[in-house]
Amino acid sequence: MGLLSLFQKKRPAGGCSAIIVAAGSARRMEGIDKMLAPLGELPVLVHTLSAFQDCDLVDEIVVVTREDLLVEVSRLCRDFSLDKVTKVIVGGAERMDSVRAGLREIRPDAQLAAIHDGARPLVPQQVLHQAIQRAAETGAAAPAVPVTDTVKRAEGDLAAETLDRSALRAVQTPQVFEA
């Protein structure tokens, strides 16, 4: 019995709801909105949404964006036939406020919620599947990659210790957990 069949047996009607957080202010990009910036021939956000649209373990997508992008993001969803997108809503002042707003809007019968950054368009299907399947088995999961940078523990303004990076992981999105 493979992991997919195990997940399908446990999966209630609600399945997995994805919340795509795309409400950033574009401060670090000097005013260029990375969600709408082209990546190849499509906007970054369309690539991100398409990854979740194409994932058979995702049942619905809620997009959380800035108020000034509501119409544009809704238009992109319609124009690119992203029919798993059930809502496009306004986010909050901080990322956690936007995530909270998205969680309030997912289907009440959702088993799992997956949080993903709208500016991360190159998430492979294998990563999506594994994160969702592991969360279904354990209650929560997120992809993580080994840390390659040198990381120091500080005491005040002084470096006190170099951490052993072989034991460190950088957590990425999607972060999936029981709804």
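Above: the structure in question.
Cut-off values and rules
- Residue numbering note: each chain is counted from 1, following its sequence as written.
- Per-residue local features of the predicted model are confined to residues with pLDDT of at least 70, and side-chain atom pairs are confined, for both listing and counting, to 80 or more; whole-chain, interface and lining totals are unaffected and use all residues.
- To obtain the side-chain values, all non-hydrogen atoms of the structure were included, while hydrogens and water were left out.
- One bridge is not enough; two strands pair if DSSP finds at least two bridges between them.
- Put simply, DSSP H or I for four residues or longer makes a helix, DSSP E for two residues or longer makes a strand, and each gets a number counted from the N terminus.
- The contact criterion used is simple: two residues touch if any of their non-hydrogen atoms lie within 4.5 Å.
- Lines are fitted to the C-alpha atoms to define the axes, a helix being fitted only along its stretch in contact, and any angle between axes, read from their N-to-C directions, falls within 0 to 180 degrees.
- Residues grouped as a nonpolar core are buried Ala, Val, Leu, Ile, Met, Phe, Trp, Tyr and Cys residues, joined through side-chain atoms within 4.5 Å.
- Think of it in three bands: residues with accessible area under 20% of the maximum for their type are buried, residues over 50% are exposed, and the middle band is partly exposed, with areas taken using a 1.4 Å probe on protein chains only.
- To obtain the arc, one takes the directions from the helix axis to the C-beta atoms.
- Salt bridges, as used here, are contacts in which a Lys or Arg side-chain nitrogen is within 4 Å of a carboxyl oxygen on Asp or Glu.

**Student:** Requested: an account of the sheet that holds strand β12 (residues 175-178), with residues and values cited.
**Tutor:** Strand order across the open sheet formed by six strands is β5-β4-β1-β6-β12-β7, with mixed pairing between neighbours. Two strands lie at the open edges of the sheet, namely β5 (85-90) and β7 (140-141), each paired on one side alone. By the bridge criterion, two bridges tie β7 to β12 in an arrangement that is antiparallel. The partner of Ala140 across the bridge, within β12, is Phe177. Here helix α2 (residues 44-53) sits on the sheet in contact with β1 (16-22), β4 (58-65) and β6 (112-117), set at roughly 175 degrees to β1. On the sheet, helix α3 (residues 70-79) packs against β4 and β5 and is oriented at approximately 170 degrees with respect to β5.

**Student:** Explain the nonpolar core residue by residue, including any values.
**Tutor:** Among the nonpolar cores identified, the biggest contains 29 residues, and Leu49, Phe52, Ile61 and Ile132 are the most heavily contacted of them. Elements with a contribution of two residues or more to this core: β1, α2, β4, α3, β6 and α5 (125-138). Here this core takes five residues from α5, the largest share from any one element. Not counting residues within four places of it along the chain, the set of residues in contact with Phe52 comprises Ala18, Ile20, Val58, Ile61, Lys84, His116, Val123, Leu128 and Pro174.

**Student:** Describe helix α4 (residues 95-105), listing the residues and the values that go with them.
**Tutor:** Since the α-helix packs 3.6 residues into each turn, any two residues three or four apart lie on the same face. Of all the residues in α4, the buried ones are Ser98, Val99, Ala101 and Gly102. End-on, the buried residues of α4 take up no more than an arc of 160 degrees, which puts them together on one face. In α4, those exposed residues whose orientation departs by more than 90 degrees from the buried face are Met96 and Arg104. On its buried side, α4 packs onto β1, β4, β5 and β6.

**Student:** How would you summarise the pattern of salt bridges if you had to cite specific residues and measurements?
**Tutor:** Per the stated rule, a full pass over the model turns up 12 salt bridges. The partner of Asp68 in a salt bridge is Arg66, and the shortest N-O contact between them spans 3.0 Å. As a salt-bridge pair, Arg78 and Asp79 come within 3.4 Å of each other at their nearest N and O atoms.

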